[in-house]
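# Structural characterization, general
Single-letter residue listing:
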Amino acid sequence: MTATLPTQLTGQMIIAGTPVTGTGHEVRAFDPAAGQPLEPVYRHGDTTDVDAAAAAAAEAFPAYRATTAEQRARFLESIAAHIESVAESLIARAVAESGLPTARITGEVGRTTGQLRLFAEVLREGSWNGARIDTAQPDRTPLPRPDIRQRFVPLGPVAVFSASNFPLAFSVAGGDTASALAAGCPVVVKGHDAHPGTSEIVARAVTSAVTESGLPAGVFSLLFGSGPGLGVALVTDPHIKAVGFTGSRSGGTALMAAAAARPEPIPVYAEMSSINPVFLLEGALATRGAELGKAFIGSLTMGSGQFCTNPGLIIAVDGPGLDAFVTAAGEAISAAPATPMLTPNIAGNYASGVEMLSGAAELVAHGQVGAIETCGQAALFSTDAQSFLGNEELQAEVFGSASLIVRCADTAQMHTVAAGVEGQLTATVHADTSDEAAAGELLPLLELKAGRILFNGWPTGVEVCHAMVHGGPFPATSDSRTTSVGARAIERFLRPVAYQNVPKSLLPSPVADDNPDRLWRRIDGRLTQD
């Protein structure tokens, strides 16, 4: 039996503004809360569809990259407005396809439109241009200096891979798409099979904004297909110049390999695997160990633990404070209800991960058992530092509400564990005033391991702002120099170009003499708006 929502979905892809029915594998979304598939049927595309979408993006690129920052800003704001105009049906479909609560999806709509408007602000502010001018010094000896000017230009068409766990904010019109469009790059999105209806609704909104803004239709396309098939074909299409990906380590590394093997290799900005270690220092444990244990479970089980910033690892020195933490965490997780996971496949992989932990670590407590198979039962485990360091499996990400406590003999062993973990999106420290010296010793280690270091909080929840870094050393991401959230995400899809002794009449406006865009620019090393 299938359930149907009144969303007037067609089950089609959208290639350069044209609805296209795929000819490949049939896909239906699945309601994990009801345990039922959803209509309509979607079909995967093939290499012909990839060719059409990528070629249309390449055809649109010259005109789109020539648009002004203001034109692109208004385009992003138009996308946001069109998404808001269909918010009611969009939220209903996303809830049905993900099993996530209405409040969570409503918030994600706001985050998605907020990201689009943030990049509109970034475009208008102008520093993304990276404008620099080193004026000519004809009388310099022994050699004169030429006039050299620099700005950033867009890379070209970008392939974006939607994430399973954020059907809106990391999907069709999510951060990768918003930042690529802001940079002046057309986008071809591979929608996720877990939420095709949500993807279609958002793709229609983006397509309407393309039309409303008078842009070439090839600026945006939506495809469906498998990662090894259509996904690899998209990454290896010669028209595609960069890739944004959020998903598993295996999926991300496969795309990295495919992109590197091209005759013209291209960058893949992949957000992949992270267990987000949390360090509990002795003073904090002594004064609020039980309080921290309860709060930790709240973060761990949020959204069924299906966050890339899920706190999957607790590291602390053994003692009474840690005992109080573990007791409180065990009690809290025992009361945690089993909640639906995004897809049956994700639920199955989570169960396998918990089984792996069960064979390698000591069980502290399980959460409640779910009523249906798609529910994930929370789980908390414990081990000692030596065992953790000697077993690579214990560093594997278990995508869901499962976490591991690592008991250390002393502070030195805690530092050894910190040095031994892989690259992470986040590292968290809970410290009191008495811990400041210990925290100061730990901080340099964490700078080498994580893209975001936070104190006295929990890593779930990523603020979309100018200073945010949502990235980190491999395997958290494929390129630790970048971020997929925040204003600097636009930099992934730009490259610098220098103009040497170019006639003034031909100079692009960001580096023109009269500064028509009123940008802050670095002239002869000095930042100025003159």
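Residues numbered from 1 in each chain as written. Predicted model: local features only at pLDDT ≥ 70, side-chain atom pairs only at ≥ 80, totals over all residues. Heavy atoms only, no water.

The name given to the chain in an unreviewed UniProt entry is 2,5-dioxovalerate dehydrogenase, and the organism recorded there is Mycolicibacterium neoaurum VKM Ac-1815D.

### Topic: the overall build of the chain
As a reminder, the rule being used: Starting at the N terminus, helices and strands are each numbered in turn, a helix being any DSSP run of H or I of at least four residues and a strand any DSSP run of E of at least two. What the globule rule says is 2.2 Å times the number of residues to the power 0.38, and the radius of gyration is computed from C-alpha atoms. A simple rule labels every residue: compare its accessible area, found with a 1.4 Å probe on the protein chains alone, to the largest value its type can have, and call it buried under 20%, exposed over 50%, or partly exposed in between. Only heavy atoms enter the contact rule, under which two residues are in contact if any of them lie within 4.5 Å. In short, Shrake-Rupley with a 1.4 Å probe defines the accessible areas, and a residue's cover is counted only from the protein chains shown. Two residue types count as positive, namely Lys and Arg, and two as negative, namely Asp and Glu; His and chain ends fall outside the count. Working definition for charges: the position is that of NZ of Lys, CZ of Arg, CG of Asp or CD of Glu.
Along the chain, the regular secondary structure elements total 14 helices and 25 strands. Relative to its length of 530 residues, the chain is compact, with a C-alpha radius of gyration of 25 Å against a globular reference of 24 Å. Considering only C-alpha atoms, the chain reaches an extent of 75 × 70 × 40 Å along its principal axes. Taking all 530 residues of the chain together, 56% fall into the buried category. Taking contacts inside the chain between residues at least 6 apart in sequence as the whole, the part at least 24 apart equals 76%. About 20,900 Å² of surface is accessible on the chain, with carbon and sulfur atoms providing 54% of the total. Looking at the chain, you have 34 positive and 52 negative side-chain charges, and the mean spots of the two groups are 10 Å apart.

### Things to note about the layout of surface pockets
Stated precisely, the cut-off is as follows: Cavity: a set of points on a 1 Å grid over the protein atoms alone where a 1.4 Å probe fits but cannot get out. Pocket: an open set with protein on both sides within 12 Å along at least five of seven lines, its lining residues, like those of a cavity, having an atom within 4 Å of a point. Grid points are joined across faces, edges and corners, and a volume is the space filled by probe spheres set on the points. Under the grouping applied here, Gly and all other residues not named as nonpolar or charged are polar, the nonpolar ones being Ala, Val, Leu, Ile, Met, Phe, Trp, Tyr, Cys and Pro and the charged ones Asp, Glu, Lys and Arg. Each domain's limits were defined by an automated method or a database of domain assignments.
By volume, the largest pocket amounts to about 1,200 Å³. Surrounding the largest pocket, 40 residues form its lining, Ser164, His192, Gly247, Ser248 and Asn345 being those nearest its centre. Looking at the lining of the largest pocket, the elements that each hand over two or more residues are α7 (227-236), β12 (242-246), α8 (249-260) and α11 (344-360). Looking at the lining of the largest pocket element by element, the count peaks at seven residues for α11. In the lining of the largest pocket, the residues fall into 16 nonpolar, 19 polar and five charged. Two domains each provide a minimum of three residues to the lining of the largest pocket, namely domain 1 (13-27 + 38-272 + 481-492) and domain 2 (277-455).

### Some words on the UniProt feature "domain: Aldehyde dehydrogenase" (unreviewed entry) in the chain
Going by this rule: UniProt positions are given in the numbering used here, feature names are shortened, and annotations may be inferred rather than shown by experiment.
Under the UniProt annotation, the feature "domain: Aldehyde dehydrogenase" (unreviewed entry) is placed at residues 25-464. Across residues 25-464 one finds 45% helix and 19% strand; the C-alpha atoms that close the span lie 36 Å apart.

### As for the packing of helix α4 (residues 102-125) against helix α5 (residues 175-183)
Formally: Axis definition: a line fit to C-alpha positions, over the contact stretch in the case of helices; interaxial angles, taken between N-to-C directions, run 0 to 180 degrees. For classification purposes, angles smaller than 35 degrees are called roughly parallel, those larger than 145 roughly antiparallel, those between 65 and 115 roughly perpendicular, and all remaining angles oblique. We call a crossing left-handed when the near helix sits turned anticlockwise from the far one by less than a right angle, and right-handed when that turn is clockwise.
The N-to-C vectors of α4 and α5 enclose an angle of 25°; their axes lie 9 Å apart at closest approach. Regarding the angle of α4 to α5, the classification is roughly parallel. The way α4 lies across α5 gives a crossing that is right-handed. Residue-level contacts link Gln115, Leu116, Phe119 and Leu123 of α4 to Gly175, Ala178, Ser179 and Ala182 of α5. Of the residues in the contact of α4 with α5, the class split is five nonpolar, three polar and no charged.

### A word on the sheet that holds β12
Our working rule: Any two strands are treated as partners once DSSP identifies two or more bridges connecting them.
Taken in spatial order, the seven strands of this open sheet run β2-β1-β11-β10-β9-β12-β13, and their pairing is mixed. The outermost strands of the open sheet, each flanked by one partner alone, are β2 (18-20) and β13 (268-271). Going from strand to strand, the sheet's axes swing by 20° on average, the running direction of each strand aside. Together, β9 (158-161), β10 (187-190), β11 (220-223) and β12 form the strand contacts of α7, whose direction differs from that of β10 by roughly 170°. Most of the contacts of α8 go to β13, to which it runs at about 170°, and overall it touches β9, β12 and β13.

### Things to note about the side chain of Thr113
Filter applied, for reference: What qualifies as a polar contact is a pair of N or O atoms within 3.5 Å, subject to a donor-acceptor requirement within protein and to the restriction that residues adjacent in sequence count only when both atoms come from side chains.
Relative to the helices and strands, Thr113 resides in helix α4. On the basis of relative accessibility, which here comes to 4%, the residue Thr113 falls in the buried class. A distance of 3.2 Å separates a polar side-chain atom of Thr113 from the backbone oxygen of Gly110. With residues near it in sequence (within four places) discarded, Thr113 still touches Ala80, Ile83 and Glu84.

### Describing the confidence of the model for the chain
Using the following cut-off: pLDDT measures how confident the predictor is about each residue, on a scale from 0 to 100.
The predicted model of the chain averages 96 in pLDDT, with 99% of residues at 70 or higher. Below pLDDT 50 for its whole length, residues 1-7 participates in 17 contacts with residues either more than four positions away or in separate chains.

### What to know about the packing of aromatic side chains
Any pair of aromatic rings gets described here by the distance separating the centres and the angle formed by the planes. Defined as follows: Geometry of aromatic contacts follows a simple scheme: Phe, Tyr and Trp rings, the Trp one being its six-membered ring, pair when their centres are within 6.5 Å, and the pair is stacked under 30 degrees between planes, edge-to-face over 60, tilted otherwise.
Inspection of every chain in the model, using the stated rule, returns eight aromatic pairs. Residues Phe296 and Trp458 carry aromatic rings whose centres are separated by 6.0 Å and whose planes lie at 35° to one another, so their mutual orientation is tilted. Linking Phe296 in helix α9 (residues 282-301) with Trp458 in the loop between β22 (450-455) and β23 (494-500), this pair joins segments that are 162 residues apart in sequence. Both residues of the pair, Phe296 and Trp458, count as buried.

### A short note on the sheet that holds strand β7 (residues 132-134)
Sheet strands pair via backbone hydrogen bonds, and the direction of the pair is either parallel or antiparallel. As summarised here, the arrangement of the five strands in space is β23-β8-β7-β24-β25, forming an open sheet in which the pairing is mixed. Looking at which strands have only one partner, the edges of the open sheet turn out to be β23 and β25 (526-528). Across this sheet, the average inter-strand angle for adjacent strands is 25°, counted without regard to direction.

### A short note on α8
To keep it simple, the criterion reads: Here a helix's expected span is defined as the number of its residues, less one, multiplied by 1.5 Å. Working definition: the arc comes from the directions between the helix axis and the C-beta atoms, pointing outward to the latter.
Given a rise of 1.5 Å per residue, 12 residues ought to cover 16 Å, and the 16 Å separating the end C-alpha atoms of α8 matches this to within 8%. The set of residues buried in α8 consists of Gly252, Leu255, Ala258 and Ala259. Projected down its long axis, α8 shows its buried positions confined to an angular sector of 125°, all on one face. Those residues of α8 that are exposed and angled more than 90 degrees off the buried face are Ser250 and Ala260.

### Topic: empty space enclosed by the protein
Within the structure shown, the criterion is met by three cavities of 30 Å³ or more. Within this model, the largest cavity holds a volume of roughly 120 Å³. Contributing to the lining of the largest cavity are 16 residues, with Ile275, Gly312, Glu397, Val398 and Ala402 lying nearest its centre. A total of three residues in the lining of the largest cavity trace back to one element, the largest contributor, which is strand β20 (residues 402-408). Broken down by class, the residue content of the lining of the largest cavity amounts to 10 nonpolar, five polar and one charged. For the second largest cavity, the calculated volume is near 80 Å³. Around the second largest cavity, the lining comprises 14 residues; the ones closest to its centre are Tyr269, Ala270, Thr477, Ser484 and Arg492. Put simply, the parts of the chain that give the lining of the second largest cavity at least two residues each are β12 and β13. Per-element tally for the lining of the second largest cavity: the top contributor is β13, with three residues.

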